[in-house]
Amino acid sequence: MLQLTKKAIIDSFIQLLNQRPLDQITVTDIARECGISRRTFYHYYQDIYQLPEDLFLSETRKILKGETDFRSWEQWFEKMTVFAFHNKTAIAHIYHSARREYLERYIFTIADKTFTDFIAQSGKSKSYRQEDIDMLAAFYTSAAVGLAFDWIRRGMQENPQQLIHGYVKLLKGTVQRALDNCEQSGTEEAAQP
């Protein structure tokens, strides 16, 4: 019952957020939309501003399951962008609200997890330095977060699958080349007196 009620509250919140900005949604609106009392709402949430955080934490948990390989990180980003694409107005309303940090954390968490796992897995074949793996993961995470926010800022017009496939083509082979460049730099530094 607990999870069903929370899901109903979140679903009603998303539905209302697809209609109007976050600051124009009230607890009464959500309670009416999902057929509960205000008291029931407050049993689950302290205020309306906990909803974006709960929404993105839930979506993050759904997306970040299993091991990461080249194909799965692409799937994770597809899931993230498809959710945003199907809820464009809701995402835009959060993006333009004072609660934008929840959206930022959602995108960053997924990007960081996927690229850290992917780059660490790519580096298993050789013994790359951990600081090089961390630096590359931070670089690709920042790039992915920037691209995601640029897509949101531009109104999420492009089809998410096509967008991700385009990025995958650009990235193909670059991680391994970057790791190899790090290895060569380390070898050159070690060779100097």
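Residues numbered from 1 in each chain as written. Predicted model: local features only at pLDDT ≥ 70, side-chain atom pairs only at ≥ 80, totals over all residues. Heavy atoms only, no water.

Caption draft 1: The arrangement of the overall build of the protein chain in detail. Across its full length, the protein chain holds 10 helices and 0 strands. For the protein chain, the succession of helices and strands along the chain, N to C, is α-α-α-α-α-α-α-α-α-α. Looking at the 193 residues of the protein chain, the share that counts as buried comes to 42%. Here the contacts in the protein chain between residues at least 6 apart in sequence split such that 74% fall between residues at least 24 apart. Just so you have it, the protein chain exposes about 10,800 Å², and 52% of that area is on carbon and sulfur atoms. (Helix = DSSP H or I, 4+ residues; strand = E, 2+ residues; numbered from the N terminus. Buried < 20%, exposed > 50% of the residue type's maximum accessible area, 1.4 Å probe, protein only. Contact = heavy atoms within 4.5 Å. Areas by Shrake-Rupley, 256 points an atom, 1.4 Å probe, with all protein chains shown as cover.)

Caption draft 2: Broad picture of the packing of helix H7 (residues 100–122) against helix H8 (residues 130–153). For the pair H7 and H8, interaxial distance at closest approach is 8 Å and the crossing angle is 140°. By the angle between their directions, the pair H7 and H8 is classed as oblique. As H7 runs across H8, the sense of the crossing is right-handed. Contacts from Arg100, Leu103, Glu104, Ile107, Phe108, Ala111, Asp112, Phe115, Thr116, Ile119 and Ala120 of H7 reach H8 at Ile133, Leu136, Ala137, Tyr140, Thr141, Ala144, Val145, Ala148, Phe149 and Ile152. Here the contact of H7 with H8 is built from residues that sort into 16 nonpolar, 2 polar and 3 charged. (Axes fitted to C-alpha atoms, helices over the stretch in contact; angles between N-to-C directions. Parallel < 35°, antiparallel > 145°, perpendicular 65-115°, else oblique. Left-handed = near helix turned anticlockwise from the far one by under 90°. Nonpolar A, V, L, I, M, F, W, Y, C, P; charged D, E, K, R; others polar.)

Caption draft 3: How the structure looks around the pattern of salt bridges. Taken as a whole and assessed by the stated rule, the structure comprises 12 salt bridges. With a shortest N-O distance of 3.0 Å, arginine 20 and aspartate 29 are connected by a salt bridge. The closest approach of N and O atoms between glutamate 158 and arginine 154, which form a salt bridge, is 2.3 Å. Judged by its relative accessible area of 28%, glutamate 158 is partly exposed. Classification of arginine 154 as partly exposed rests on a relative accessible area of 33%. (Salt bridge = Lys/Arg side-chain N within 4 Å of Asp/Glu carboxyl O.)

Caption draft 4: Examining the environment of glutamine 176 more closely. Residue position: glutamine 176 is located in helix H10 (residues 174–191). For glutamine 176 and glycine 123, which are 53 residues apart along the polypeptide, the C-alpha to C-alpha distance reads 7.7 Å. In this view, glutamine 176 contacts Ser122 and Tyr128; residues no more than four positions away in its chain are not counted.

Caption draft 5: The packing of aromatic side chains, seen in detail. On inspection of all chains with the given rule, the structure shows 7 aromatic pairs. Ring pairing ties together the aromatic residues Phe41, Tyr42 and Tyr45, which thus form one cluster. (Phe/Tyr/Trp six-rings, centres within 6.5 Å; stacked < 30°, edge-to-face > 60°.)

Caption draft 6: Spatial organisation of the side chain of serine 12. Note that serine 12 resides in helix H1 (residues 2–17). Excluding anything up to four places from it in sequence, serine 12 contacts Ile30, Glu33 and Cys34.

Caption draft 7: Region of the structure containing unusual backbone geometry. Its identity as a non-glycine residue notwithstanding, methionine 156 has a phi of 55°, on the positive side. Mapped onto the secondary structure, methionine 156 falls in the loop between H8 and helix H9 (160–171). When its relative accessible area of 1% is taken as the criterion, methionine 156 is described as buried.

Caption draft 8: Geometry of the confidence of the model for the protein chain. Overall, the prediction assigns the protein chain a mean pLDDT of 83, with 89% of residues at 70 or greater. Between the elements of the protein chain, mean pLDDT differs from a low of 67, seen in H10, to a high of 95, seen in helix H2 (residues 27–34). (pLDDT = per-residue confidence, 0-100.)

Caption draft 9: Expanded view of the nonpolar core. One finds Ile30, Leu51, Phe56, Leu103, Tyr106, Ile107 and Ile119 to be the most contacted residues of the largest nonpolar core, which totals 57 residues. Beyond its immediate sequence surroundings of up to four residues, leucine 51 is in contact with Ile9, Ile10, Phe13, Ile30, Phe41 and Tyr45. (Core = buried A, V, L, I, M, F, W, Y, C linked by side-chain atoms within 4.5 Å.)

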